[in-house]
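Descriptive structure summary
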Amino acid sequence: MNEILGPIYYTFVTDGKEAEKHAEADAFFCFTGLMSEIKDNFIKILDNSQCGITHDMNELMAILKNNDEQLHDAITERGIKPQFFSFRWITLLLSQDFLYPEIQRLWDSFFADRDRFKFLLYFCCAMLIAQRTRLIRGDFIDNMKVLQRYPVETDIYQLLQLACQIREGKLRLQPVEVPETTPTSAGGGGNSGILGGLFSKTRNR
């Protein structure tokens, strides 16, 4: 649970000297309230229920399939199960995948969403689609490296914009060309090129 408490404590301890005095107590109060909302993700007997983590992971994959069937099929065919990457993303609210200042901005959107943590799933889907070229062309090992250590140079504001497009059903994608011989390393292109190309296409549609 330290991964969830960390960003909360960071928020209070960096909010000025007066807030810093009560950072521990305030952080614990907020942490308790947050855990009361997401506790079902940590209760094993609820895993396969409507409110369990398995349901959320399956819903994420369903959202991905509805928006990018090519990427969904590529991930599935390589034997990459959602629990290999999205279990951590969802249960820890992405607190291990971005820097604390970025997490503050992301949590603002997650907490403000009218469906509460449904936007988290749209954002996770955006994370996948933002790396679609590498994931579609890469093999199992390459893809696991991307998903378990998400590129730190990613622009979260572009990811937020992409997540909103997914939620509103406005995302339009072009198929990714796959070489006849899939390289052993997805490599090349860089994250900015992937996102930049993706957004240049979606804006014009």
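Residues numbered from 1 in each chain as written. Predicted model: local features only at pLDDT ≥ 70, side-chain atom pairs only at ≥ 80, totals over all residues. Heavy atoms only, no water.

1. A closer look at the overall build of the protein
Looking only at helices and strands, the protein features twelve helices and zero strands. Classification of the 205 residues of the protein by burial places 43% in the buried group. When contacts within the protein are restricted to residue pairs at least 6 apart in sequence, those whose partners lie at least 24 apart make up 73%. Just so you have it, the protein exposes about 11100 Å², and 52% of that area is on carbon and sulfur atoms. (Helix = DSSP H or I, 4+ residues; strand = E, 2+ residues; numbered from the N terminus. Buried < 20%, exposed > 50% of the residue type's maximum accessible area, 1.4 Å probe, protein only. Contact = heavy atoms within 4.5 Å. Areas by Shrake-Rupley, 256 points an atom, 1.4 Å probe, with all protein chains shown as cover.)

2. Here we look at a nonpolar patch on the surface
A surface patch of nonpolar side chains, amounting to about 270 Å² of accessible area, comprises Phe 84, Phe 140 and Ile 141. The residue Phe 84 is located in the loop between α5 (69-77) and α6 (86-91) in this model. A relative accessible area of 31% means that Phe 84 is categorised as partly exposed. (Patch = residues over 30% accessible without salt bridge, like charges linked within 9 Å, V, L, I, M, F, W, Y side chains within 5 Å. Salt bridge = Lys/Arg side-chain N within 4 Å of Asp/Glu carboxyl O.)

3. Examining the nonpolar core
Ranked by internal contacts, the top residues of the largest apolar core, which has 55 residues, are Leu 94, Phe 98 and Phe 123. By residue number, the principal contributor to this core is helix α8 (residues 118-130), which donates twelve residues. (Core = buried A, V, L, I, M, F, W, Y, C linked by side-chain atoms within 4.5 Å.)

4. Observations regarding α8
Since the α-helix advances by 3.6 residues per turn, residues separated by three or four positions end up pointing in the same direction. Between the first and last C-alpha of α8 there are 19 Å, a value that for 13 residues agrees with the 18 Å anticipated at 1.5 Å per step. With respect to burial, α8 is a largely interior element, twelve of its 13 residues being buried. Taken together, the buried positions of α8 are occupied by Phe 119, Leu 120, Leu 121, Tyr 122, Phe 123, Cys 124, Cys 125, Ala 126, Met 127, Leu 128, Ile 129 and Ala 130. (Expected span 1.5 Å × (residues − 1).)

5. Overview of the confidence of the model for the protein
In the predicted model, the protein carries a mean pLDDT of 87, and 88% of its residues have values of at least 70. Looking at the elements of the protein, mean pLDDT is at its lowest for helix α12 (residues 190-203), recorded as 50, and at its highest for α8, recorded as 97. pLDDT under 50 marks residues 182-190. Its contacts with residues more than four places away, or in other chains, come to ten contacts. Counting contacts from residues 200-205, a segment whose pLDDT is below 50, to residues more than four positions away or on other chains yields eight contacts. (pLDDT = per-residue confidence, 0-100.)

6. Section: the packing of helix α7 (residues 100-112) against helix α11 (residues 156-167)
The contact between α7 and α11 brings their axes to 11 Å, and the two run at 15°. Relative to α11, the element α7 is oriented roughly parallel. Taken as a pair, α7 and α11 cross one another with a handedness that is right-handed. Contacts between α7 and α11 involve Glu 102, Arg 105, Leu 106 and Ser 109 from the former and Ile 156, Tyr 157 and Leu 160 from the latter. In terms of residue class, the contact of α7 with α11 is made up of four nonpolar, one polar and two charged. (Axes fitted to C-alpha atoms, helices over the stretch in contact; angles between N-to-C directions. Parallel < 35°, antiparallel > 145°, perpendicular 65-115°, else oblique. Left-handed = near helix turned anticlockwise from the far one by under 90°. Nonpolar A, V, L, I, M, F, W, Y, C, P; charged D, E, K, R; others polar.)

7. Examining the environment of Ala 126
Within the secondary structure, Ala 126 sits in helix α8. Those residues within four positions of Ala 126 in sequence are excluded, and the remaining contacts are Leu 159, Leu 162, Ala 163 and Ile 166.

8. Focus: the state of the cysteines
Applying the stated criterion across every chain yields a total of zero disulfides. The cysteine Cys 125 is free of any disulfide, with Cys 124 supplying the nearest cysteine sulfur at 8.8 Å. Overall, the relative accessible area of 0% leaves Cys 125 in the buried class. (Disulfide = S-S within 2.5 Å.)

9. Remarks on the pattern of salt bridges
Applying the stated criterion to the full structure yields seven salt bridges. The residue Glu 59 makes a salt bridge to Lys 118 at a minimum N-O spacing of 3.2 Å. Taken together, the positions of Glu 59 in helix α4 (residues 53-67) and Lys 118 in helix α8 put the pair 59 residues apart, joining distant regions of the chain.

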